[in-house]
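# Overview (structure and organization)
For reference, the chains in residue letters:
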Amino acid sequence: MAKHETPLLDQLESGPWPSFVSDIKQEAEHRQANPDNVEFQIPQDVCDDLLGVLEMSYRDGETHWKHGGIVGVFGYGGGVIGRYCDQPEMFPGVAHFHTLRVNQPSGKYYTTEFLGQLADLWDFRGSGLLNLHGATGDLVFLGTTTPQLEEIFWTLTHDLDTDLGGSGSNLRTPACCLGESRCEYACYDTQLACHTLTNEYQDELHRPAFPYKFKFKFDGCPNGCVASIARSDFSVIGTWKDDIKIDQDAVKGYVNGEFAPNAGAHSGRDWGKFDIVEEVIDRCPTKCMSWDGNTLSIDNAECYRCMHCINTMPRALKIGDERGATILVGAKAPILDGAQMASLLVPFIEVNPPDYDELKEVIENLWDWWMEEGKNRERIGELIRRQGFQKMLEVTGIKADARHVSAPRANPYIFWKEEDVEGGWTRDINVFREKHQR
Amino acid sequence: MAFISAGYNPDKPMEGRITDIGPKKFDQFYPPVIAKNKGQWEYHEIIEPGVLMHKAKSGDEVYTVRFGGARLMSVTHLREIMAIADEYCGGYLRFTTRNNVELMVTDKDTALKLKADLNGRKFAGGSYKFPVGGTGAGITNVVHTQGWVHCHTPATDASGTVKVTLDEVFGHFTNMDLPAPLRISMACCLNMCGAVHCSDIAILGYHRKPPIIDHEYLDNMCEIPLAVAACPMGAIRPTKTEINGKEYKSVAVKNERCMFCGNCYTMCPSLPLADKEGDGLVIMAGGKISNRLSEPKFSKVVVAFIPNEPPRWPTLAKTIRQIVDAYAADAKKYERLGDWAERIGWERFFEKTGLEFSEHLIDDFRDPAYYTWRQTTHFKF
């Protein structure tokens with residue numbers, strides 16, 4: 001028997017898409033029945049009360065979670081988000097409903113053994129509800145009480161060999177695509193880079209010392225499956241410098257209909273016979289490809305590696321062998337002065353395990369600048385706008401390059417420095433007046 | 001419910017403490033076929049919706065069955081997924097960036113059997129537990145934020161609006177019948193903890209009423225200078241106010257300058273914005289993050305406001321349907337929604353989708369606004 005009537009939420013049980021309401025109800029019933037005799041460390045009816053407070057929000061059109069609440073584990077400044085219900089008397093099971101961010105393994109591969117340990121822990125000390133995964137990448141434990149936080153952290157670090165993720169003004173949990181593990185487009189090992197830098201910067205991840213949040217994301221190629229260019233302060237996108245490799249026989253395979261274009265991604269509709277000229281050659285944004293009916297040619301020097309031809313004919317075209325990454329900096333969501341896309345800083349950088357010294361040098365130069373000059377709650381993308389792209393080049397020691405801009409400036413208001421101008425700026429007005437009367 | 005300690009001693013918090021160990025290393029979770037062929041993949045093929053085959057140089061094949069799920073998931077649901085992974089794939093599984101789950105097997109027959117098994121499981125309420133799909137030129141899972149389930153700043157619910165949206169477009173999740181992938185994302189307030197600003201379609205919770213000022217408590221709850229500094233529009237100033245004969249230090253808000261971002265509330269709990277009538281949804285469209293063909297681009301506001309209509313948000317569902325249907329009917333193969341809108345022109349976008357253009361959709365926020373006005377005679381009647 002449900003603890004609270006939920007006539008509004010019940011209407012979200014119909015329809016084909018998996019219903020979170022059905023799932024929370026399932027968990028509420030499971031906790032009531034408790035077939036495994038778990039000694040629940042937080043209220044047994046936590047899921048019932050979550051449904052109750054959520055139903056109230058559906059009726060009121062407003063949230064019923066209080067603002068903030070500083071809780072955490074000793075010595076860390078992030079990883080736990082305090083949350084309290086604003087109607088604790090009505091819903092005591094969710095009076096405290098804190099979240100923990102658990103740092104996911106890079107690429108989000110798991111074994112059922114490890115996930116089972118996490119599930120057992122969360123049954124025992126939490127609500128039994130999770131996010132798989134949160135937007136930044138963490139596995140999120142959703143809803144526990146303050147006395148459980150240290151206990152959960154103890155079990156995570158001692159028994160599960162895993163750590164919390166980031167929150168607040170620190171390095172947020174880095175994330176990556178699955179990269180070389182299962183993708184032929186990956187230009188570097190995104191998982192290893194992500195894992196290595198996550199471990200390298202544990203102090204920055206757990207102890208807030210930055211002006212605001214800072215996110216790393218690692219995309220293996222310009223398709224950008226983890227959206228690093230839009231969602232990370234430091235976006236590393238795999239690329240290559242040499243030629244796209246062509247298997248001419250496989251190209252013919254696509255042309256004569258033997259292979260489905262775009263790996264079969266369009267099979268749900270009849271788009272007609274594959275037309276290499278219409279679908280690849282003419283669509284190429286740099287017009288660097290040609291097809292003479294027999295041979296596909298690419299003027300690789302003119303290619304900017306958009307991936308369209310490779311995506312369209314993955315059996316025939318392969319990424320080049322001189323691989324590395326492009327670094328773009330400063331993406332953020334709209335708060336406050338509008339959204340920003342990441343801007344190109346390093347056109348090509350080698351991504352070399354095990355130390356990733358090249359990446360670390362760029363990261364640490366950026367951090368030194370931002371920690372010195374950034375205002376409270378100023379993202380690095382905003383600092384670049386406030387102090388200028390040139391300042392970022394200066395602090396990173398990177399030379400200006402036409403690739404840095406989509407176009408040169410359309411105004412002549414150049415902030416010349418005194419040392420740039422012959423003779424400096426100090427002049428004698430009397431010398432000037434010897435030639436020019438008042 | 002007796003308290004059981006895991007070993008932590010609150011009197012000696014540093015005793016036996018382990019910190020800064022980071023996540024578990026990823027490669028211990030690779031299925032054997034992945035561990036063997038990493039970095040040696042030759043090509044891939046989507047053999048049917050939700051089923052990918054990756055071919056390795058070694059000749060090995062891995063078949064991935066992808067299914068969607070609500071990102072809010074219970075351990076009971078997770079344990080059912082784990083039991084399936086144990087039965088079919090040796091106890092290995094992974095999650096995607098967009099909250100899908102992937103199970104990997106090494107032969108096609110098992111993959112198809114697995115797909116049928118997954119599609120056969122339903123919740124008591126009737127919805128699919130593990131719908132297979134989310135591949136290729138279709139609509140994959142909708143990434144989203146916490147909403148009314150767990151957050152203090154939302155202008156709407158996230159899980160509910162996403163459920164309604166995915167119910168509406170479910171046929172495009174299980175079928176690859178669109179011109180290109182169409183990514184929908186949802187953020188329940190402007191903080192966008194799930195950054196949605198570069199999505200083909202973005203659903204964004206938004207406030208429309210300035211903060212209410214809790215004068216009697218504000219000075220105790222907040223640092224007034226921080227609350228003042230939080231406003232990007234300079235609409236907040238320190239003030240003193242008298243209530244029942246007692247003077248309080250507080251703030252005043254110039255309401256006509258407010259753009260309802262909620263940053264003041266983030267800095268000061270005594271400035272709540274949430275309001276049943278004021279809050280609702282903004283729909284943005286035409287963004288992308290891939291570099292394929294065209295550059296990554298921001299989503300544009302195409303509907304200024306849709307009221308909150310829980311539990312099923314019918315106007316939201318109808319609006320999404322209008323956009324998706326117009327795009328599906330008119331775009332060229334490989335053309336993302338934003339590329340389509342730019343090719344036909346935004347004036348045609350509104351015509352074809354049947355959405356109404358209003359003055360709210362003309363940018364008036366700071367300098368970049370000017371660059372979105374039309375400085376040419378190139379337009380269509």
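Heads up: these notes are all about the structure in this document. Note that the structure is a prediction, hence the values are computed from the model and not measured.

Thresholds applied
- Residues numbered from 1 in each chain as written.
- Chains lettered and ligands numbered in written order.
- Predicted model: local features only at pLDDT ≥ 70, side-chain atom pairs only at ≥ 80, totals over all residues.
- Heavy atoms only, no water.
- Helix = DSSP H or I, 4+ residues; strand = E, 2+ residues; numbered from the N terminus.
- Buried < 20%, exposed > 50% of the residue type's maximum accessible area, 1.4 Å probe, protein only.
- Contact = heavy atoms within 4.5 Å.
- Areas by Shrake-Rupley, 256 points an atom, 1.4 Å probe, with all protein chains shown as cover.
- Lys, Arg positive; Asp, Glu negative; His and termini not counted.
- Charge placed at Lys NZ, Arg CZ, Asp CG, Glu CD.
- Pairing = 2+ DSSP bridges.
- Axes fitted to C-alpha atoms, helices over the stretch in contact; angles between N-to-C directions.
- Parallel < 35°, antiparallel > 145°, perpendicular 65-115°, else oblique.
- Nonpolar A, V, L, I, M, F, W, Y, C, P; charged D, E, K, R; others polar.
- Polar contact = N/O pair within 3.5 Å; in protein donor to acceptor, adjacent residues only side chain to side chain.
- Salt bridge = Lys/Arg side-chain N within 4 Å of Asp/Glu carboxyl O.
- Phe/Tyr/Trp six-rings, centres within 6.5 Å; stacked < 30°, edge-to-face > 60°.
- Disulfide = S-S within 2.5 Å.
- Buried area = accessible area lost by both parts, 1.4 Å probe.
- Patch = residues over 30% accessible without salt bridge, like charges linked within 9 Å, V, L, I, M, F, W, Y side chains within 5 Å.
- Arc of directions from axis to C-beta.

Moving on, we get to the overall build of chain A. Scanning chain A from N- to C-terminus turns up 15 helices and 14 strands. Counting every position in chain A, which comprises 438 residues, the buried fraction comes to 59%. Pairs at least 24 apart in sequence give 63% of the contacts found in chain A among residues at least 6 apart. For chain A, the computed accessible surface area is about 17,700 Å², with 49% contributed by carbon and sulfur atoms. Distance between charge centroids for chain A: 8 Å, based on 43 positive and 68 negative side chains.

As a further point, take the overall build of chain B. Secondary structure assignment for chain B yields 11 helices and 12 strands. Taken over the C-alpha atoms alone, chain B extends approximately 80 × 75 × 40 Å along its principal axes. Within chain B, buried positions represent 57% of all 381 residues. Excluding contacts between residues fewer than 6 apart, the proportion of contacts in chain B whose partners are at least 24 apart in sequence is 64%. If you sum the accessible surface of chain B, you get close to 15,400 Å²; carbon and sulfur atoms cover 51% of it. On chain B, the mean spot of the 46 positive side-chain charges and the mean spot of the 45 negative ones are 3 Å from each other.

Before going further, it helps to examine the sheet that holds strand S6 (residues 101–105) of chain B. The sheet built from 6 strands is open, its strands ordered S3(A)-S5(B)-S6(B)-S3(B)-S2(B)-S1(B) with antiparallel pairing. In this open sheet, the two strands that pair with only one neighbour each are strand S3 (109–111) of chain A together with strand S1 (41–48) of chain B. Going from strand to strand, the sheet's axes swing by 30 degrees on average, the running direction of each strand aside. Where S3 of chain A lies against strand S5 (residues 92–95) of chain B, 3 bridges are found, and the strand directions are antiparallel. Counterpart to Tyr109 of chain A in the pairing with S5 of chain B is Arg94 of chain B. Packing against the sheet, helix H2 (residues 75–89) of chain B makes contact with strand S3 (61–67), S5 and S6 of chain B, and its axis sits at approximately 15 degrees to S6 of chain B. Running over the sheet, helix H3 (residues 108–119) of chain B touches S1, strand S2 (51–56), S3 and S6 of chain B and is turned about 10 degrees from S3 of chain B.

This part takes up the sheet that holds strand S12 (residues 300–307) of chain B. All names here are of chain B. An order of S7-S8-S11-S12 is seen for the 4 strands of this open sheet, with the pairing classed as mixed. Edge strands, defined here as strands with exactly one partner in the open sheet, are strand S7 (184–187) and S12. On average, each strand axis in the sheet is inclined to that of its neighbour by 20 degrees, with strand direction left out of account. Where strand S8 (residues 201–206) lies against strand S11 (residues 280–285), 6 bridges are found, and the strand directions are antiparallel. Bridge pairing in S11 places Tyr206 opposite Gly280.

In this section: the packing of helix H10 (residues 337–344) of chain B against helix H11 (residues 346–353) of chain B. Between two packed helices, what matters for the description is the angle formed by their axes and the separation of those axes. Residues and elements named next belong to chain B. Between H10 and H11, whose axes approach to 6 Å, the crossing angle comes to 110 degrees. One finds that H10 runs roughly perpendicular with respect to H11. Note on element contacts: H11 touches H10 through Trp346, Arg348, Phe349, Lys352 and Thr353, opposite Leu337, Trp340, Ala341, Glu342 and Ile344. Along the lines of polarity and charge, the residues of the contact of H10 with H11 split into 6 nonpolar, 1 polar and 3 charged.

Residue position: Asn99 of chain B is located in the loop between S5 and S6. One polar contact links the side chain of Asn99 of chain B to the main-chain carbonyl oxygen of Leu132 of chain A, over a distance of 3.3 Å. Setting aside chain neighbours within four positions, we find Asn99 of chain B in contact with Leu132 and His133 of chain A together with Gly69, Arg71, Asn141, Val142 and Val143 of chain B.

Below, the discussion takes up the pattern of salt bridges. Enumeration over the complete set of coordinates arrives at 47 salt bridges over all chains. One salt bridge connects Asp321 of chain A with Arg323 of chain A, and the closest N-O pair in it is separated by 3.4 Å. A relative accessible area of 32% means that Arg323 of chain A is categorised as partly exposed. Asp60 of chain B serves as the salt-bridge partner of Lys36 of chain B, at 2.8 Å between the closest nitrogen and oxygen. Of this pair, Lys36 of chain B sits in helix H1 (residues 32–37) while Asp60 of chain B sits in the loop between S2 and S3, placing them 24 residues apart in sequence. Residue Lys36 of chain B is classed as exposed on the basis of its relative accessible area of 56%. We classify Asp60 of chain B as partly exposed; its relative accessible area is 21%. Because the salt bridges share partners, they merge into one network encompassing Arg182 of chain A together with Arg66, Arg94 and Glu102 of chain B.

Right, let's talk about the packing of aromatic side chains for a bit. Residue and element names in this part refer to chain A. Counting across every chain of the model gives 38 aromatic pairs over all chains. On the numbers, 4.3 Å between centres and 5 degrees between planes, the contact of Trp122 with Phe141 is stacked. With a gap of 19 residues between them, Trp122 in helix H4 (residues 112–125) and Phe141 in strand S5 (residues 139–142) connect regions that are remote in the sequence. The exposure classification of Trp122 matches that of Phe141, with both residues buried.

All names here are of chain A. Under the criterion given, the structure shown has 1 disulfide over all chains. With no disulfide of its own, Cys288 has Cys284 as its nearest cysteine by sulfur position, at a separation of 3.9 Å. Classification of Cys288 by relative accessible area gives buried; the value is 7%. Of the cysteine sulfurs around Cys303, a residue in no disulfide, the closest is that of Cys288, at 4.8 Å.

The next thing to look at is the side chain of Asp189 of chain A. Structurally, Asp189 of chain A is set in the loop between strand S6 (175–176) and helix H6 (190–200). Under the relative-accessibility criterion, Asp189 of chain A is labelled buried at 16%. If we skip the residues at most four places from it in the chain, Asp189 of chain A touches Glu180 and Tyr356 of chain A together with Lys38 of chain B.

Counting from both sides, the interface comprises 139 residues of chain B and, opposite them, 144 residues of chain A. The contact between chain B and chain A buries some 12,500 Å² in all, and 59% of this surface belongs to carbon and sulfur atoms. Inspection of the chain B/chain A interface yields 10 salt bridges. Residues Arg315 of chain A and Glu45 of chain B are paired through a salt bridge, measuring 2.3 Å at the closest nitrogen-oxygen approach. Along the lines of polarity and charge, the residues of the side of chain B that touches chain A split into 74 nonpolar, 37 polar and 28 charged.

All names here are of chain A. Residue placement: Ala400 occurs in the loop between helix H14 (389–396) and helix H15 (429–435). Here Ala400 falls in the exposed class, since its relative accessible area comes to 57%. On a C-alpha basis, the gap between Ala400 and Leu345 in space is 9.1 Å, while along the polypeptide they are 55 residues apart.

In this section: unusual backbone geometry. Cis geometry is found at the peptide bond from Leu132 of chain A to His133 of chain A, where omega equals 0 degrees. Ile335 of chain A connects to Leu336 of chain A through a cis peptide bond whose omega is -5 degrees. Counting through the fold element by element, Leu336 of chain A comes out in the loop between strand S13 (323–329) and strand S14 (343–349). At Asp20 of chain B, a residue that is not glycine, the phi angle is positive and equals roughly 55 degrees.

All names here are of chain B. A contiguous nonpolar surface patch, about 600 Å² in accessible area, is contributed by Phe357, Ile362, Tyr370, Tyr371 and Trp373. Looking at the element boundaries, Ile362 is found in the segment after H11. For Ile362, a relative accessible area of 42% puts it in the partly exposed group.

All names here are of chain B. Where H11 is concerned, the buried positions are Phe349, Phe350 and Thr353. Along the axis of H11, the buried residues cluster in a sector spanning 95 degrees; they form a single face. Buried residues along H11 sit against S11, S12, helix H9 (314–330) and H10. With its phi angle positive at about 75 degrees, Gly354 sits one or two positions after the end of H11.

Structural measurements only, silent on function.
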